[in-house]
Amino acid sequence: MLQVGIVGLPNVGKSTLFKTLTKKQVDCANFPFCTIEPNVGVVEVPDERLKVLAQMSKSEKVIPTAIEFVDIAGLVKGAHKGEGLGNKFLANIREVDMIVHVVRAFEDENVVHVEGGIDPARDVETIEIELAMADIGTVEKRLDGVRGKMKAGRTKDLELEESALAKWFAALEQGKMANTVELTDEEQAVVRDVSLLTNKPVLYVLNVAEGQTPAAPLLFKEGLGVVTHVQMPISIKVESEIMEMSPEDQQMFLAELGLKQSGLDRLIASCYELLNLITFLTTGEKETRAWTITRGTKAPQAAGVIHTDFEKGFIRAEVISYADFVACGGESGARDQGKLRVEGKEYVMQDGDVCHFRVST
């Protein structure tokens, strides 16, 4: 399951965000590979389509797709040298697929700021320098190893690896993130296994006061075509209050504000998008379920997400787009109106595909 690490300086609202998110905890019985620790919460990805399909199919149960959030120990200046809980922080963050970086923008004289005052851009820089410093050690060690091998004999792969690592090292030395560095496709291929903290997608959550819509500073440098950073203002305090309400009151409250989704749901959906994920759906009387795949996944590999044997035994996929499934009143209507497509092994899955896989057992 995909993991998102929540990071930030002390007293920025990081743990409040984590506690609020875990109120949306899913039934872990549906996700047998989850190991739940106190700082881990498995949270459902909001998807209105599931409810609609479940009603149409009269499903006994609905199983959403999910993301795992990890509340990572607070970071302080000097973490890369082991200051505070630095070593634990850096070990935990290496494991995650992306980072939610909570940055404080709210004023509150009762909540001390470790740096003495509110300055979101400075706080981001503090954490990113710590991550860059930790990555320098990783890159330097690998670079030394590559140069050692090159003394015994140069190969194209070693030259590409040295070139990529040297580019990263130069950027990190300046306190820049590795994902601001442009590598060629060949260079990327040879360093794919190097896990750098500053190479992960980042969602910056600007934690604002209730009713505050700040002229927010851009907290990151624009990426290289691929979206790896997104920024959103959220009042974590308001979101935690919304989560205390009944579902009916939540809907009324959001409707009064003219919002379709809570900030929390937007945050979860943004994580999903930043990780380049899409959802396909299966539906029937037993259950309606959402399944997570990476954008660009082909039909046999998508079938393998349901069960590994399905990929080996894949024959074809019967696919109806969600919009057609609803408009035609279900599978039989879609079939009658020629909206059910039979797709083979080369079919690239689309978000919202309602699927039935035919496999040999």
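Residues numbered from 1 in each chain as written. Predicted model: local features only at pLDDT ≥ 70, side-chain atom pairs only at ≥ 80, totals over all residues. Heavy atoms only, no water.

**Looking at the overall build of the protein chain**
Point 1. Within the protein chain one finds 13 helices and 12 strands.
Point 2. Per-residue burial over the protein chain gives 48% buried out of 361 residues.
Point 3. Contacts in the protein chain between residues at least 24 apart in sequence constitute 69% of all its contacts with a sequence separation of at least 6.
Point 4. Looking at the protein chain as shown, the accessible area adds up to about 18400 Å², and 50% of this sits on carbon and sulfur atoms. (Helix = DSSP H or I, 4+ residues; strand = E, 2+ residues; numbered from the N terminus. Buried < 20%, exposed > 50% of the residue type's maximum accessible area, 1.4 Å probe, protein only. Contact = heavy atoms within 4.5 Å. Areas by Shrake-Rupley, 256 points an atom, 1.4 Å probe, with all protein chains shown as cover.)

**Here we look at the environment of Val-230**
Point 1. For Val-230, the position within the fold is in strand S7 (residues 229-234).
Point 2. For Val-230, a relative accessible area of 26% corresponds to the partly exposed category.

**Quick look at the packing of helix H1 (residues 14-21) against helix H9 (residues 263-274)**
Point 1. As a packed pair, H1 and H9 sit with axes 11 Å apart at the nearest point and diverge in direction by 90°. Judged by the angle between their axes, H1 and H9 are roughly perpendicular. Mapping the contact onto sequence places Leu-17, Thr-20 and Leu-21 in H1 and Leu-264, Leu-267 and Ile-268 in H9.
Point 2. Considering only residue class, the contact of H1 with H9 consists of five nonpolar, one polar and no charged. (Axes fitted to C-alpha atoms, helices over the stretch in contact; angles between N-to-C directions. Parallel < 35°, antiparallel > 145°, perpendicular 65-115°, else oblique. Nonpolar A, V, L, I, M, F, W, Y, C, P; charged D, E, K, R; others polar.)

**A word on the confidence of the model for the protein chain**
Point 1. The predicted model of the protein chain averages 86 in pLDDT, with 86% of residues at 70 or higher.
Point 2. Mean pLDDT across the elements of the protein chain bottoms out in helix H3 (residues 86-95) (69) and peaks in helix H12 (residues 322-327) (97). (pLDDT = per-residue confidence, 0-100.)

**Details of the nonpolar core**
Point 1. Formed by 48 residues in total, the largest nonpolar core has its most connected members in Leu-17, Phe-69, Val-100, Leu-203, Leu-267 and Cys-271.
Point 2. At six residues, the largest contribution of residues to this core is made by H9.
Point 3. When neighbours within four sequence positions are excluded, Leu-267 is seen to be in contact with Leu-17, Phe-69, Leu-203, Val-205, Met-232 and Ile-234.
Point 4. One finds Ile-136, Met-150, Val-194 and Leu-196 within the second-largest nonpolar core, a separate group that totals 21 residues. (Core = buried A, V, L, I, M, F, W, Y, C linked by side-chain atoms within 4.5 Å.)

**Observations concerning the sheet that holds strand S5 (residues 98-104)**
Point 1. Across the sheet, which stays open at both edges, the six strands sit in the order S2-S4-S1-S5-S6-S7 with mixed pairing between neighbours. Across the chains shown, the open sheet's two edge strands, defined by having one partner strand only, are strand S2 (40-44) and S7. When strand polarity is set aside, the average angle formed by the axes of neighbouring strands in this sheet is 25°.
Point 2. The strands touched by H9 within the sheet are strand S1 (3-7), S2, strand S4 (66-71), S5, strand S6 (202-207) and S7, with S7 carrying the most contacts at an inclination of about 175°. (Pairing = 2+ DSSP bridges.)

**Comments concerning the pattern of salt bridges**
Point 1. Summed over all chains, the structure comprises 20 salt bridges.
Point 2. The residue Arg-142 makes a salt bridge to Asp-193 at a minimum N-O spacing of 3.0 Å. One end of the pair, Arg-142, is in helix H4 (residues 120-152); the other, Asp-193, is in the loop between helix H6 (185-190) and S6, with 51 residues separating them in the sequence. (Salt bridge = Lys/Arg side-chain N within 4 Å of Asp/Glu carboxyl O.)

**Considerations on unusual backbone geometry**
Point 1. Positive phi is not limited to glycine here, since Lys-58 has a value of about 50°.
Point 2. Relative to the helices and strands, Lys-58 resides in the loop between helix H2 (48-57) and strand S3 (61-63).

**Focus: the pairing of S5**
Point 1. Counting buried positions over the seven residues of S5 gives seven, a clear majority of the element.
Point 2. Alternating positions in S5 separate into two faces, Met-98, Val-100, Val-102 and Arg-104 on one and Ile-99, His-101 and Val-103 on the other, with burial throughout.
Point 3. When S1 meets S5, the two strands line up parallel, connected through four bridges. Opposite Val-4, over in S5, you have Met-98 as the bridge partner.
Point 4. Relative to S6, S5 runs parallel, the two being bridged by six bridges. Bridge pairing in S6 links His-101 to Tyr-204.

**As for the pairing of S4**
Point 1. Judged by how many residues are buried, S4 sits mostly within the fold: six of six residues are covered.
Point 2. On S4, burial covers both faces: Ala-66, Glu-68 and Val-70 on one face and Ile-67, Phe-69 and Asp-71 on the other are all buried.
Point 3. For S1 and S4, the ladder comprises four bridges, and the chain directions are parallel. Residue pairing for S4: Ile-6 is matched across the bridge by Asp-71.

**Here we look at H1**
Point 1. What H1 keeps buried is the set Lys-14, Leu-17, Phe-18, Thr-20 and Leu-21. On an axial view of H1, the arc spanned by its buried residues comes to 165°, and they lie on one face. (Arc of directions from axis to C-beta.)

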